[in-house]
Amino acid sequence: MADTVLYEVADGLATITVNRPDAMNALDTATKAALRDAVLRAAEDDAVRAVLLTGSGRAFCVGQDLKEHTTSLAADREHGTTRTWETVKEHYSPITLALAEMPKPVVAGVNGVAAGAGAGFAFASDYRIVADTASFNTAFAGVALTGDSGVSWTLPRLVGHSRAMDLLLFPRNVSAAEALDLGIAHKVVPAAELLGEATAVARRLAEGPTLTFAAIKQALAFGADHSLAETLAVEEVLQTRVGGSEDHRAAVEAFLRKERPRFVGR
């Protein structure tokens, strides 16, 4: 894996760090491929029970590396191709889908600006802890592009259709405080405490009932696009599944003993 993306697993928690601090963690092709592979690796690894996604330096991720992008656009013009845009299918969409749909919780530790695809990856995560100095910017329309990385799906579900339209039509820096008010951020902490707090929350999830968290993600995603009756039917199936888990039985027994349950993710 490229050193522009760091991957570490400890005690059930996979920490994925975009590591191009000198470039504000902009995404060139090598970094996009490495990030996609890291997210898919975490999703598929049974030893990983939660994921923390963050950035190094003063940015979370500012999206596409525009220097590389300019070169790619020039090559397309010269050869009459559209190869530049294959990255959406090859990189951005798989990363977003894996973050949103993996059967384990994903915490975004937003340490600095999250723009374009970087904002999309944060929106696709399940829980966002944001440094008080960080900000979000959809950015796409500012360079005459529509959204990718799932922002057309995730952002309206976070802030509502009207506010999503405003943020996409008129890109601007959304401060951490405003992100909290809008419902984009779950928690805002001092910048110096960001990594510690995000790691603590992610580790708490890694120690939790993994099957239950997967079911919660699945039920919420299903319920967003289906009727109440259809969602109730899915809840019945999911509740039966997690109700037969080792973690549920252990939790009930611990409750009766007035003890704290210890979850094993099965």
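Here we summarise the structure given alongside this text.

Points about the sheet that holds strand 5 (residues 106-110)
Ordered by their spatial adjacency, six strands build an open sheet running 1-2-3-5-7-10, and the pairing between neighbours is mixed. Looking at the sheet topology across the chains shown, the edges are occupied by strand 1 (5-10) and strand 10 (187-189). Recorded for the sheet is a direction-independent mean angle of 20° between the axes of neighbouring strands. Bridging between strand 2 (residues 13-18) and strand 3 (residues 50-55) involves six bridges; their strand directions are parallel.

Some thoughts on helix 9 (residues 210-223)
Taking 1.5 Å of rise per residue, 14 residues should cover 20 Å, and helix 9 covers 20 Å from first to last C-alpha, within 8% of that figure. Within the span of helix 9, buried status applies to Thr 210, Phe 213, Ala 214, Ala 215, Lys 217 and Ala 219. Buried residues along helix 9 sit in contact with helix 3 (86-101), strand 5, helix 8 (194-206), helix 10 (228-243) and helix 11 (246-256).

Things to note about the nonpolar core
Within soluble globular proteins, side chains that are nonpolar generally end up buried alongside one another. Ile 16, Leu 35, Val 110, Phe 121 and Phe 136 are the most contacted members of the largest nonpolar core, which totals 60 residues. Those residues in contact with Phe 136 that sit more than four places away from it in its chain are Val 110, Ala 114, Ala 122, Phe 123, Val 130, Arg 172, Asn 173, Val 174, Ala 179 and Ile 184. By size, the runner-up hydrophobic cluster in this structure holds five residues, among which are Ala 215, Ala 219, Val 234 and Leu 238.

Focus: the side chain of Ser 125
With respect to the helices, strands and loops of the structure, Ser 125 is situated in the loop between helix 4 (117-124) and strand 7 (127-131). On the accessibility criterion, Ser 125 (4% relative accessible area) is buried. Not counting residues within four places of it along the chain, the set of residues in contact with Ser 125 comprises Leu 53, Val 106 and Ala 108.

Considering the pairing of strand 1
Of the pairings in the sheet, the one linking strand 1 to strand 2 comprises six bridges and is antiparallel in character. Directly across from Ala 10, in strand 2, lies its bridge partner Leu 13. The antiparallel hairpin formed by strand 1 and strand 2 contains two residues in its connecting segment, where Asp 11 sits at a positive phi of about 55°.

A short note on the packing of aromatic side chains
Applying the stated criterion across every chain, the model contains two aromatic pairs. Ring geometry for Tyr 92 against Phe 121: centres 6.3 Å apart, planes inclined by 35°, an arrangement best described as tilted. Of this pair, Tyr 92 sits in helix 3 while Phe 121 sits in helix 4; the two residues are 29 residues apart in sequence, bridging distant segments of the chain. The exposure class assigned to Phe 121 is buried, which follows from its relative accessible area of 2%. An angle of 25° between the planes, with centres 5.9 Å apart, marks the rings of Phe 123 and Phe 136 as stacked. Here Phe 123 is found in helix 4, whereas its partner Phe 136 is found in strand 8 (residues 135-137), with 13 residues between them in sequence. Residue placement shows Arg 157 over the ring face of Trp 153; its charged tip is 3.8 Å from the ring centre.

Some thoughts on the packing of helix 9 against helix 10
Contact geometry for helix 9 and helix 10: axes closest at 10 Å, N-to-C directions at 170°. Between helix 9 and helix 10, the interaxial angle falls into the category roughly antiparallel. Residue-level contacts link Leu 211, Thr 212, Ala 215, Gln 218, Ala 219, Phe 222 and Gly 223 of helix 9 to Glu 230, Thr 231, Val 234, Leu 238, Arg 241 and Val 242 of helix 10. Among the residues making up the contact of helix 9 with helix 10, the classes are represented as seven nonpolar, four polar and two charged.

Description of the pattern of salt bridges
Overall, the coordinates contain nine salt bridges when judged by the stated rule. Note that Arg 20 and Asp 28 form a salt bridge whose closest N and O atoms lie 3.6 Å from each other. Accessibility classification places Arg 20 together with Asp 28 in one group, the buried group. What emerges from the salt-bridge pattern is a single network uniting Arg 20, Asp 28 and Asp 65.

Looking at unusual backbone geometry
The phi dihedral of Asp 11 falls on the positive side, at around 55°, and the residue is not glycine. Mapping Asp 11 onto the fold places it in the loop between strand 1 and strand 2. The backbone of Ala 139 sits at a positive phi, close to 70°, despite the residue not being glycine.

Definitions and cut-offs
- Residues numbered from 1 in each chain as written.
- Predicted model: local features only at pLDDT ≥ 70, side-chain atom pairs only at ≥ 80, totals over all residues.
- Heavy atoms only, no water.
- Pairing = 2+ DSSP bridges.
- Helix = DSSP H or I, 4+ residues; strand = E, 2+ residues; numbered from the N terminus.
- Axes fitted to C-alpha atoms, helices over the stretch in contact; angles between N-to-C directions.
- Expected span 1.5 Å × (residues − 1).
- Buried < 20%, exposed > 50% of the residue type's maximum accessible area, 1.4 Å probe, protein only.
- Contact = heavy atoms within 4.5 Å.
- Core = buried A, V, L, I, M, F, W, Y, C linked by side-chain atoms within 4.5 Å.
- Phe/Tyr/Trp six-rings, centres within 6.5 Å; stacked < 30°, edge-to-face > 60°.
- Lys NZ or Arg CZ within 6 Å of the ring centre and 35° of its normal.
- Parallel < 35°, antiparallel > 145°, perpendicular 65-115°, else oblique.
- Nonpolar A, V, L, I, M, F, W, Y, C, P; charged D, E, K, R; others polar.
- Salt bridge = Lys/Arg side-chain N within 4 Å of Asp/Glu carboxyl O.

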